[in-house]
Amino acid sequence: MKYIHRLAGVFMAFCLMILLFVTSVEAVVYWTPGYFEKEYTKYQVLDDLPPMTMEDLLDVTDQMMAYLRGDRADLHVMTVIGGQEREFFNAREIAHMEDVRGLFLAAISIRRICLLLCAAVLLFMAVSKADFKRVLPPSLCLGTGLFFGVIAALTAVISTDFTKYFIMFHHIFFNNDLWILDPATDMLINIVPEGFFMDTAGRIAFTFGSLSLILFDVCLTLTIKNKRRP
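The rules behind these values
- Residues numbered from 1 in each chain as written.
- Predicted model: local features only at pLDDT ≥ 70, side-chain atom pairs only at ≥ 80, totals over all residues.
- Heavy atoms only, no water.
- Helix = DSSP H or I, 4+ residues; strand = E, 2+ residues; numbered from the N terminus.
- Expected span 1.5 Å × (residues − 1).
- Buried < 20%, exposed > 50% of the residue type's maximum accessible area, 1.4 Å probe, protein only.
- Contact = heavy atoms within 4.5 Å.
- Patch = residues over 30% accessible without salt bridge, like charges linked within 9 Å, V, L, I, M, F, W, Y side chains within 5 Å.
- Areas by Shrake-Rupley, 256 points an atom, 1.4 Å probe, with all protein chains shown as cover.
- Salt bridge = Lys/Arg side-chain N within 4 Å of Asp/Glu carboxyl O.
- Axes fitted to C-alpha atoms, helices over the stretch in contact; angles between N-to-C directions.
- Parallel < 35°, antiparallel > 145°, perpendicular 65-115°, else oblique.
- Left-handed = near helix turned anticlockwise from the far one by under 90°.
- Phe/Tyr/Trp six-rings, centres within 6.5 Å; stacked < 30°, edge-to-face > 60°.
- Lys NZ or Arg CZ within 6 Å of the ring centre and 35° of its normal.

A. Expanded view of helix H5 (residues 132-160). Taking 1.5 Å of rise per residue, the 29 residues of H5 would be expected to cover 42 Å, and the 41 Å separating its terminal C-alpha atoms lies within 8% of that figure. If you check which residues of H5 are buried, you get Val135, Leu136, Pro137, Ser139, Leu140, Cys141, Gly143, Thr144 and Phe147. Where H5 is buried, its residues touch helix H1 (2-30), helix H4 (91-127) and helix H8 (194-228).

B. Just a nonpolar patch on the surface, in detail. A contiguous nonpolar surface patch, about 390 Å² in accessible area, is contributed by Met168, Phe169, Ile172 and Phe173. Inspection of the secondary structure assignment puts isoleucine 172 in helix H6 (residues 162-173). The exposure class assigned to isoleucine 172 is exposed, which follows from its relative accessible area of 59%.

C. Structural view of the packing of H1 against H5. In contact at an axis separation of 7 Å, H1 and H5 are set at 50° when each is read in the N-to-C sense. Between H1 and H5, the angle falls in the class oblique. Of the two elements, H1 crosses H5, and the hand of that crossing is right-handed. Across from His5, Arg6, Gly9, Val10, Met12, Ala13, Phe14, Leu16, Met17 and Ile18 in H1, the residues of H5 making contact are Arg134, Val135, Leu136, Pro138, Ser139, Leu140, Leu142, Gly143, Thr144, Leu146, Phe147 and Phe148.

D. Representation of unusual backbone geometry within the structure. Positive phi is not limited to glycine here, since glutamine 44 has a value of about 50°. By secondary structure assignment, the location of glutamine 44 is in the loop between helix H2 (35-42) and helix H3 (54-68). Its identity as a non-glycine residue notwithstanding, lysine 129 has a phi of 60°, on the positive side. Examined against the element boundaries, lysine 129 turns out to sit in the loop between H4 and H5. Accessibility expressed as a relative area gives 74% for lysine 129, which makes it exposed.

E. The packing of aromatic side chains, seen in detail. Counted according to the given criterion, the structure contains 14 aromatic pairs. Aromatic side chains phenylalanine 36 and tyrosine 40 sit 6.0 Å apart centroid to centroid with 50° between the ring planes, which places their arrangement in the tilted category. With a gap of four residues between them, phenylalanine 36 and tyrosine 40 both fall in helix H2, about one helical turn apart. The same class applies to phenylalanine 36 and to tyrosine 40, which are both buried. Pairing phenylalanine 169 with phenylalanine 174 gives two aromatic rings, centres 6.5 Å apart and planes at 80°, and the pair type is edge-to-face. When its relative accessible area of 35% is taken as the criterion, phenylalanine 169 is described as partly exposed. Exposure remark for phenylalanine 174: the relative accessible area of 7% places this residue in the buried category. In this structure, arginine 69 is placed above the aromatic ring of tyrosine 30, and the distance from its NZ or CZ to the ring centre is 4.7 Å. Over the ring of tyrosine 67 we find arginine 101, and its NZ or CZ is 4.5 Å from the ring centre.

Spelled out as structure tokens, the structure:
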């Protein structure tokens, strides 16, 4: 039974890591004050758009991000461009963002499932009378280390050619070519250039790495402390 408990602990660690990853994505794009304005300024996106103010662009962005989380029913966002009120996104962009919204909502659902699975593991270990102090910390440590190692290796590979793997990502997660946008007609690609995605991926990696190391350090500290006890 001891080995089953250890395996359950490793499984729980994987669930926690997935939970931390999804939360890291959310933290970067939703919880970082002024993030989009900073990125828009950095890449001078207003220069690649018809005349509009930063305030209006940020309002469009807020509506877009609310849509992705399911807090807005559609992406028909009205704004002022060139002195006239019109929709910001065209039909192709809206269709693509429907697919992106599906990924966002799926990630949120997976996080909820992982949280429930963690609770189920703890319940199972309690019912089967596991030695939490001696089994759970080292199991979480092992699972966290394995998961983080795989992610770190994957990050290292992606960093060698971000464009290549960015395109590969779209081929894997989208079953159409709606993500292939034209800068001349589709404003979405102009407000989120490749540099924006690189910066965002870097911030997510840093946030996820930091949270993972904190979790690993806590588990390692508890493991060492428990081993010293008689």
